[in-house]
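A structural walkthrough
Each chain, letter by letter, is given below.
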Amino acid sequence: MAIRSIKTNKVRAFLTMLGIIIGVASVIVLVSIGQGSSQSVQDEINSLGTNLITVNVTDTDSVELTDDTIEQFKELSGISEVAPVVTGRVYAKNGEATAQVSMTGATSSYLSVRDLELSQGRFLTDMETELRSKVVVLGSDAATTLFENQKAVDQNVLIGGVSYRVIGVLKSVGTSMGSSGDDVIIAPITTAERATGSTTIGTVYLKAENENIMDRAMYQVQGAMTTSFPEQSDNYSVSNQEDLMDTMSSVSDTFTLMLGGIASISLLVGGIGIMNIMLVSVSERTKEIGIRKAIGANRKSILLQFLIEAMVLSCFGGLLGVGIGLGIAKLISTFSSLTINYSWSVTLFAFLFSILIGIMFGVFPANKASKLNPIQALRHE
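This is a predicted model, so every value here is computed, not measured. (Residues numbered from 1 in each chain as written. Predicted model: local features only at pLDDT ≥ 70, side-chain atom pairs only at ≥ 80, totals over all residues. Heavy atoms only, no water.)

Some remarks on the confidence of the model for the protein chain
Inclusion rule: Confidence of the predictor at the level of single residues is captured by pLDDT, which takes values from 0 to 100. Each helix corresponds to a stretch of at least 4 residues labelled H or I by DSSP, and each strand to a stretch of at least 2 residues labelled E; elements are numbered beginning at the N terminus.
With 92% of its residues at a pLDDT of at least 70, the protein chain reaches an overall mean of 82. Taken element by element, the protein chain is modelled with least confidence in strand E8 (residues 175–176), mean pLDDT 60, and with most confidence in strand E5 (residues 135–138), mean pLDDT 93.

Rendered as structure tokens:
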């Protein structure tokens, strides 16, 4: 009877379901985008290395990392490699091609610590760092900009008017945490200090021997910094990828929850739409209800009839919403750069919630219909 009633008023039934359809589809699409963004951030963080520890100095005037400090890090048990870096912006030129890129001054261990790979040539050596050699390794984007389709290795590039020999090109690592890892030039740290005018080490990357001893390695690095700079704890930070992951996950989860909450409002609006239409339906079918009561239908039967109609509307709307939501999410992932991560638990929750909405907002009209006086209902025109 519920399905027959819906078929009789197809347009009205569709308009009634429209709020539920939009609500369910919105929840699925927005939560999928939110979870996709969270997964994308986690993948970027993982790409930096799961056993990487980073020491960042925020005030280089108060905290000055020297060669002695770096040696202390190397002597710590559980730390396999240490890579201090200095950074700055420089102009690079090759013929007519010019680019403003980030220059990173590093040591030979930087390649291993940051889990980078070479597509051409070789990386820096300790000897080149000691001799302040004018050699550089280019990121993939920097190599493409400066040399286009030419082979970059063994070519020369001008940085600040000084000629540097290219000894290698890195494989593309993409964008991580909002900054490109490919638009970069890596030079020996001693050479980069002169090229960038920066003589202070702002960051040190440390590689733990394995993931299982990360906590112990972190504790030792923190201890070494506390010993060297006892009253400057506010001017530096020691972090690993797990700390960063926890922070970003917390932000992403809050973002996803907010998106889901906003979309859920559409479901509530859809529920109000169902209640309004069912109230109209009760008014239109007052005489029918009177006849049913006159021939023996009890209050429970009338209540169930209208409640089931509301549930069928919300159920159909929920199913259509799920299909449309998954379709829109698929289109977004196909035609945009956004990462979409489907959550079947959220999809099931949105569908079940739509049915619950139908029950909640269908109870009042159904209850009103079940309480109608059969004599007054039969007189209704």
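Read on for the rest.
A closer look at the UniProt feature "transmembrane region" (unreviewed entry) in the protein chain
Definition in use: UniProt positions are given in the numbering used here, feature names are shortened, and annotations may be inferred rather than shown by experiment.
When the UniProt feature table is mapped onto this chain numbering, "transmembrane region" (unreviewed entry) sits at residues 12–33, 255–282, 303–329 and 341–364. The span residues 303–329 is 100% helix and 0% strand, and its two end C-alpha atoms sit 38 Å from each other.

Topic: empty space enclosed by the protein
Which parts of space are left empty comes out when a probe the size of a water molecule is rolled across the atoms. Inclusion rule: Using protein atoms alone on a 1 Å grid, points that fit a 1.4 Å probe yet trap it form a cavity, whereas open point sets bounded by protein on both sides within 12 Å along at least five of seven lines form a pocket; residues with an atom within 4 Å of a point count as lining. Grid points are joined across faces, edges and corners, and a volume is the space filled by probe spheres set on the points.
On inspection of all chains with the given rule, the structure shows two cavities of 30 Å³ or more. There is about 100 Å³ of room inside the largest cavity. Every residue along the wall of the largest cavity is listed here: Ser5, Ile6, Asn9, Arg12, Ala13, Thr16, Ile277, Met278, Ser281, Arg285, Glu309 and Leu313. Within the residue set of the lining of the largest cavity, elements represented by two or more residues are helix H1 (2–8), helix H2 (10–47), helix H9 (241–284) and helix H11 (299–335).

Here's the deal with helix H8 (residues 214–228)
Inclusion rule: To estimate the expected span of a helix, subtract one from its residue number and multiply by 1.5 Å. In this scheme, a residue with accessible area under 20% of its type's maximum is buried, one over 50% is exposed, and one in between is partly exposed, where area comes from a 1.4 Å probe on protein chains only. For this quantity, the arc is that covered by the directions from the helix axis to the C-beta atoms.
Compared with the 21 Å implied by 1.5 Å per residue over 15 residues, the 21 Å span of H8 between its first and last C-alpha is a close match. All of the buried residues along H8 are Met214, Ala217, Met218, Gln220, Val221, Ala224 and Met225. All buried residues of H8 lie within an arc of 165° about the axis, which places them on one face of the element. The outward face of H8, more than 90 degrees from its buried face, is lined by the exposed residues Asp215, Tyr219 and Thr227.

With respect to the environment of Leu52
Note on placement: Leu52 falls in strand E1 (residues 52–57). Classification of Leu52 by relative accessible area gives buried; the value is 2%. Remark: the alpha-carbon pair of Leu52 and Lys207, spanning 155 residues in sequence, is separated by 5.0 Å.

A look at the packing of aromatic side chains
Within a pair of aromatic rings, the relevant descriptors are the distance that separates the centres and the angle that separates the planes. Just so we agree on the cut-off: Between rings of Phe, Tyr and Trp, where Trp is taken as its six-membered ring, a pair exists when centres lie within 6.5 Å; planes separated by under 30 degrees are stacked, by over 60 edge-to-face, and by other angles tilted.
The tally for this structure, following the rule as stated, stands at two aromatic pairs. Ring centres 6.2 Å apart and planes at 65° place the aromatic pair Tyr110 and Tyr205 in the edge-to-face group. Here Tyr205 lies in strand E11 (residues 203–208) and Tyr110 lies in helix H4 (residues 110–113), a separation of 95 residues in the sequence. Residue Tyr110 shares its accessibility class with Tyr205, and that shared class is buried.

Some points on the layout of surface pockets
As a reminder, the rule being used: Three classes are used: nonpolar for Ala, Val, Leu, Ile, Met, Phe, Trp, Tyr, Cys and Pro, charged for Asp, Glu, Lys and Arg, and polar for all others, with Gly counted as polar.
Computed from the structure, the second largest pocket encloses a volume of approximately 520 Å³. Lining the second largest pocket are 22 residues; nearest its centre among them are Asp67, Pro84, Thr107, Thr129 and Ile189. Examining the composition of the lining of the second largest pocket, we find that four residues originate from one element, helix H3 (residues 67–75), more than from any other. The class makeup of the residues in the lining of the second largest pocket is six nonpolar, eight polar and eight charged.

Quick look at the packing of H11 against helix H12 (residues 344–370)
Condition: Under this scheme, a helix contributes an axis fitted over its contacting stretch, all axes are lines through C-alpha atoms, and angles between N-to-C directions fall in the 0 to 180 degree range. The labels follow the angle: roughly parallel below 35 degrees, roughly antiparallel above 145, roughly perpendicular from 65 to 115, and oblique for the rest. Should the near helix be turned anticlockwise from the far one by less than a right angle, the crossing is left-handed, and should it be turned clockwise, the crossing is right-handed.
Taken N-terminus to C-terminus, the directions of H11 and H12 make an angle of 150°; their axes are 7 Å apart at the nearest point. Regarding the angle of H11 to H12, the classification is roughly antiparallel. The way H11 lies across H12 gives a crossing that is right-handed. Looking at the contact of H11 with H12 residue by residue, the classes come out as 17 nonpolar, eight polar and one charged.

Quick word on the pattern of salt bridges
Here is the rule: Each salt bridge in this description consists of a side-chain nitrogen of Lys or Arg and a carboxyl oxygen of Asp or Glu lying within 4 Å of one another.
With the rule as written, the count across this model stands at five salt bridges. For Asp115, the salt bridge goes to Lys207, with nearest N and O atoms at 3.9 Å. In this pair, Asp115 is assigned in the loop between H4 and strand E4 (118–121) and Lys207 in strand E11, connecting sequence segments 92 residues apart. Taking relative accessible area as the criterion, Lys207 reaches 16% and is therefore assigned buried. When the shortest N-O distance is used, the salt bridge between Arg122 and Glu128 registers 2.6 Å.

Points about H3
Keep this limit in mind: Throughout, a residue-residue contact means that at least one pair of heavy atoms, one from each residue, lies within 4.5 Å.
Taken as a whole, H3 has its buried residues at Thr69, Ile70 and Phe73. The buried residues of H3 occupy an angular sector of 100° when projected down its axis, which confines them to one face. Facing away from the buried side of H3, by more than 90 degrees, are the exposed residues Asp67, Asp68 and Glu75. Elements that come into contact with the buried residues of H3 comprise E1, strand E2 (79–94), E11 and H8.

With respect to the pairing of E1
Test applied: A pair of strands counts as paired when DSSP detects no fewer than two bridges linking them.
Counting buried positions over the six residues of E1 gives five, a clear majority of the element. Note: E1 against E11, five bridges, orientation antiparallel. By the bridge assignment for E11, Ile53 is matched with Leu206. Sheet topology note: the E1/strand E12 (residues 236–240) ladder contains five bridges and is antiparallel. Across the sheet, Val55 pairs through a bridge with Val238, a residue of E12.

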